[in-house]
Amino acid sequence: MAPISALQQARAAYQPKLPTVLAENGPFVTLVEGAATESVADQAAIGELFANTYGLPTITFAPGSQKELPAIKVGVILSGGQAPGGHNVIAGLFDGLKALNEDNELFGFLGGPSGLVNDKFRMLTEEVVDEYRNTGGFDIICSGRTKLETEEQFEQVAANCAKRGISALVIIGGDDSNTNACLLAEWMKAKGKGIQVIGCPKTIDGDLRNEQIEISFGFDTATKVYSELIGNIMRDANSARKYWHFIKLMGRSASHIALECALQTHANYCLISEEVEAEKQTLAGIVADLAAMVKARALAGNNFGIVLVPEGLIEFIPSLGVLIGELNDLLAEGSATAAEFAKLSGLGAQIAFASGKLTPASAETFAGLPDTLKGQLMADRDPHGNVQVSKIETEKLLADMVAAVLKKDAEYKAAGGRFSPQTHFFGYEGRCAAPSNFDADYCYSLGYTAATLIGAGRTAYMASVRNVASPACEWEAGGTPLTMMMNMERRHGHDRPVIRKALVELDGKPFLSFAANRARWAVETDYVYPGPIQYFGPTEVCDAANVTLMLERG
Ligand code: FBP
């Protein structure tokens, strides 16, 4: 066994809390069904594509007497980006399965969906699972981003399950991975393979959520880690009073992470991509607003501050969003233009090629960008066809552009304005952190719920644990049909069924609370220093959930 820290040793003894219905009944519950459901949009298209799994009812667990079952074998994968608490989902799944029948077995497929296709696994025994309880990371079986979508892959998965005697799969992932889960569940049902598929909502981005899925796991811990780091930087900035810190925060598309960190720390400025899009802001307009704020603080003698930049910003600036859409089609896997592009060598040739294929408006936008950014926008897509926004240095771009504006501002200079920016990118610092109590409890409950759904013979559901702004004993557990979250979107140049991402709602309480305070936070130095996540101590310190969840559901 690898050496472990004193904290990890103490933390291993933590027993995650479960909703009362599971704590008191184990997985032996009654399933209460709601009404038949519909997909969030494109009902006709989704209904046709998922003829065997569309319209299932929502499920809530109630005390009851589901019977002990004959022993079964279950497979699990961790899919996509790491998120704190994944190990506890597996621990909850393991404990739930063992409660159903001591002889149940859990196969952990290695490296995400590819492990499932290539039949690479390790057995998750009590000894293995115990080593990972309440720890961060996905290293128990590792993760990957292979997209499960082809007939061949599905055949391979079914064959591997048949070879091992596996009758149920649990896919722990974000919107793309649960889209895979939905496709796989439908295929298994259509082909009569008798293999159940259950999803679990993971992603630090916080964008896999809806009425039933109140939050994805990992968001709580990751945002607490980032907020701690931002608080530390704020204190440094407020001590030295000479730097402006531009901090980009992970969150591929939605700005939930940036918004949560702004609410926790009261940063001077936080861009919200969804607002930028709604207000049709331009890059030049954003830079002008930032420069005006930096100047106002300088005129008050404050040549320092903190700006939070959501990772996905670039795609939400309307002209850049259109440009990226065109580049996506141009570079779509399997297209003739992508093949031509692949043969080019050197950034200059790639820029010339792309510029010649874009519409005039996008070509103009493209021409106005620095070459490094052009290169980043044309770089490889992830397997789901997304631009890899974590590699686009928006924080540097904004800091440079603000510097250029201020350089020309005589009043700013005369008032002693000094703009000395530092840039940061926080993402990997939080994705594998040891889960907060909230995530440790929530993840364990999700895993246990998945085991309960399997025990009840269900497929094409996402494990869902609700009422999570209340103490864990008041949480409700059950299942949400995967097809309920689907709509049609353009990916790789084609319309595809995918789970809809939940973006920041501009009329939602978290954004409204931020909007009501941001003018003051910009001029004043109203910083809050959240400090590190605490695991031992008063419940109001250790068990408090994130601000977004409390505002939305508290
Ligand atoms: P998931 O949606 O898979 O949970 O990924 C979250 C995320 O951390 C994003 O915030 C980020 O853009 C992306 O993963 C980075 O992924 P990678 O490390 O694979 O480049």
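Keep in mind it's a predicted model, so treat the numbers as computed, not measured.

Colleague: Report on the side chain of Ser255, specifying residues and quantitative values.
Modeller: Note that Ser255 resides in the loop between β8 (244-249) and α10 (256-265). Filtering out sequence-adjacent residues up to four positions away, Ser255 remains in contact with Ile272, Ser273, Glu274, Pro310 and Val504.

Colleague: Report on the environment of Ile90, specifying residues and quantitative values.
Modeller: Following the sequence through the fold, Ile90 ends up in helix α4 (residues 86-100). Overall, Ile90 belongs to the buried group, its relative accessible area being 0%. Setting aside residues no more than four positions away along its own chain, Ile90 makes contact with Val76, Leu78, Leu106, Leu124, Ile140, Ile141 and Ile172.

Colleague: Requested: an account of the sheet that holds strand β9 (residues 269-270), with residues and values cited.
Modeller: Hydrogen bonding along the main chain pairs the strands of a sheet, whether they run parallel or antiparallel. The strand order β9-β10-β8-β11 describes an open sheet built from four strands, whose pairing is parallel. Both outer strands of the open sheet, β9 and β11 (421-426), are each paired with one neighbouring strand and no more. Judged from the six bridges that link them, β8 and strand β10 (residues 305-310) form a sheet pairing that is parallel. Among the inter-strand pairings, Phe246 is bridged to a residue of β10, identified as Val307. With respect to the sheet, helix α12 (residues 283-299) is in contact with β8, β9 and β10, its orientation differing from that of β8 by roughly 145 degrees.

Colleague: Give me the site of the ligand: which residues, what numbers.
Modeller: Near the ligand there are 14 residues, and of these Gly81, Arg145, Asp205, Glu311 and Tyr428 occur at the shortest range. One nitrogen or oxygen atom from the main chain of Gly81 is found 2.8 Å from an oxygen atom belonging to the ligand. Contact distances for the ligand include 3.0 Å between an oxygen atom and a side-chain N or O atom of Lys202. Considering the ligand on its own, with 490 Å² of exposed area, one finds that the protein chains cover 84% of that surface. In terms of residue class, the shell around the ligand is built from three nonpolar, five polar and six charged.

Reading guide: rules and limits
For every chain, the first residue of its written sequence is number 1, and the numbers climb from 1 along that sequence. Local features are withheld for residues below a pLDDT of 70 in this predicted model, meaning they are given only at 70 or higher, and side-chain atom pairs are given and counted only at 80 or more; totals for whole chains, interfaces and linings count all residues. Calculated side-chain values reflect all of the structure's heavy atoms, with hydrogen atoms and water omitted. To qualify as a helix, a DSSP run of H or I must reach at least 4 residues; to qualify as a strand, a run of E must reach at least 2; elements of each kind are numbered from the N terminus. Residue contacts follow a heavy-atom distance rule, with two residues in contact if any of their heavy atoms lie within 4.5 Å. Buried means the residue's accessible area, taken with a 1.4 Å probe over protein chains only, is under 20% of the maximum for its type, while exposed means over 50%, and partly exposed covers the values in between. The pairing criterion is simple: DSSP has to find at least two bridges between the two strands. Axes here mean lines fitted to C-alpha atoms, for a helix over just the part in contact, with angles spanning 0 to 180 degrees between N-to-C directions. Whether a residue is near a molecule or strand depends on its heavy atoms: if one lies within 4 Å, it is near. As used in this structure description, the phrase polar contact means that two N or O atoms lie within 3.5 Å; if the pair is within protein, one of them must be able to donate a hydrogen and the other to accept it, and residues adjacent in sequence are counted only when both atoms belong to side chains. Note on areas: Shrake-Rupley with a 1.4 Å probe; residue coverage comes only from the protein chains shown. Amino acids outside the nonpolar list (Ala, Val, Leu, Ile, Met, Phe, Trp, Tyr, Cys, Pro) and the charged list (Asp, Glu, Lys, Arg) are all regarded as polar, and Gly is one of them.

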